[in-house]
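Given next are the chains, with one letter for each unit.
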Amino acid sequence: MQTRLLLPTDRAAILRHYLALSPADRRTRFFVGVSDAFIRDYCRRLSWVTATVLGRHDGDRLLGVAELIRPPGDWSGPAELAVSVAAMSRRQGVGTALVAKALAIARNHFIPSVTMLCLPENAAMRRLAARFKADLSFQGGEVVGRIVSPWPNLASLVDEAAAEGQTFLQAAFDVALPRPQPRSESQAGLVR
């Protein structure tokens, strides 16, 4: 498994990930029940300027997505972190890996703090925030976890560089080496 930056070329995989979420999982990710049309529009409007999007992969399968979102025009202010993990991939460290990578990026970009919001019934997200020493509070019907970013260090810089290297290496291979197309039954019969 690998955790890497996602690019605009990964938009279709992000869309598939969000569309595959159950109605309950969509509610915990977006705070309200959302339709397929909402998710399509959300993915179409995803800002690659204000959001750093990370994905945890197992081969070609996207297991989880994290979005580290900064308010437009406020590059020195706090960021918000949203995480979703496919149901079949929970309790396997996917969310932990995504949050760790997102926090390393926040640290390296001098983001002073990261806020993780969740609904009170989202025990998994509360545990995940607590694992990273978030200061948890209850505000306006939501649980707010605030994580203060430490100053960058060599380990956090190397971690981010590795994520970026994997992303651009994968993108280069995707362009240079087209994926093999499945053969039709008639073609398969000719080869025998």
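Caption draft 1: Region of the structure containing the pattern of salt bridges. Inspection of the entire model under this criterion finds 8 salt bridges. The partner of Asp-25 in a salt bridge is Arg-90, and the shortest N-O contact between them spans 2.9 Å. You can see Asp-25 sitting in helix 2 (residues 23-30) and its partner Arg-90 sitting in the loop between strand 4 (79-85) and helix 4 (94-108), a full 65 residues away along the chain. For Asp-25, a relative accessible area of 16% puts it in the buried group. One salt bridge in this structure joins Asp-41 and Arg-45, with 2.8 Å as the shortest N-O distance. Of this pair, Asp-41 and Arg-45 both sit in helix 3 (residues 36-45), separated by 4 residues, roughly a single helical turn. Sharing partners across several salt bridges, the network here consists of Asp-41, Arg-44 and Arg-45.

Caption draft 2: Structural context of helix 3. For helix 3, every residue scored as buried is listed here: Ile-39, Tyr-42 and Cys-43. One side of helix 3 carries all its buried residues, which in axial view fall inside an arc of 95 degrees. Exposed side chains of helix 3 directed beyond 90 degrees from the buried face belong to Ala-37 and Arg-44. In the core, the buried residues of helix 3 are packed alongside helix 1 (11-19), helix 2 and strand 3 (61-69).

Caption draft 3: View of the packing of aromatic side chains. By the definition in use, this model includes 6 aromatic pairs. Residues Tyr-18 and Phe-30 carry aromatic rings whose centres are separated by 5.4 Å and whose planes lie at 70 degrees to one another, so their mutual orientation is edge-to-face. Taken as a pair, Tyr-18 in helix 1 and Phe-30 in helix 2 lie far apart in primary sequence, 12 residues in all. Accessibility expressed as a relative area gives 12% for Phe-30, which makes it buried. An aromatic cluster of at least three residues, connected via ring pairs, comprises Tyr-18, Phe-30, Phe-38 and Tyr-42. Against the face of Phe-30 rests Arg-29, its NZ or CZ located 4.5 Å from the ring centre.

What counts and how
- Residues numbered from 1 in each chain as written.
- Predicted model: local features only at pLDDT ≥ 70, side-chain atom pairs only at ≥ 80, totals over all residues.
- Heavy atoms only, no water.
- Salt bridge = Lys/Arg side-chain N within 4 Å of Asp/Glu carboxyl O.
- Helix = DSSP H or I, 4+ residues; strand = E, 2+ residues; numbered from the N terminus.
- Buried < 20%, exposed > 50% of the residue type's maximum accessible area, 1.4 Å probe, protein only.
- Arc of directions from axis to C-beta.
- Contact = heavy atoms within 4.5 Å.
- Phe/Tyr/Trp six-rings, centres within 6.5 Å; stacked < 30°, edge-to-face > 60°.
- Lys NZ or Arg CZ within 6 Å of the ring centre and 35° of its normal.

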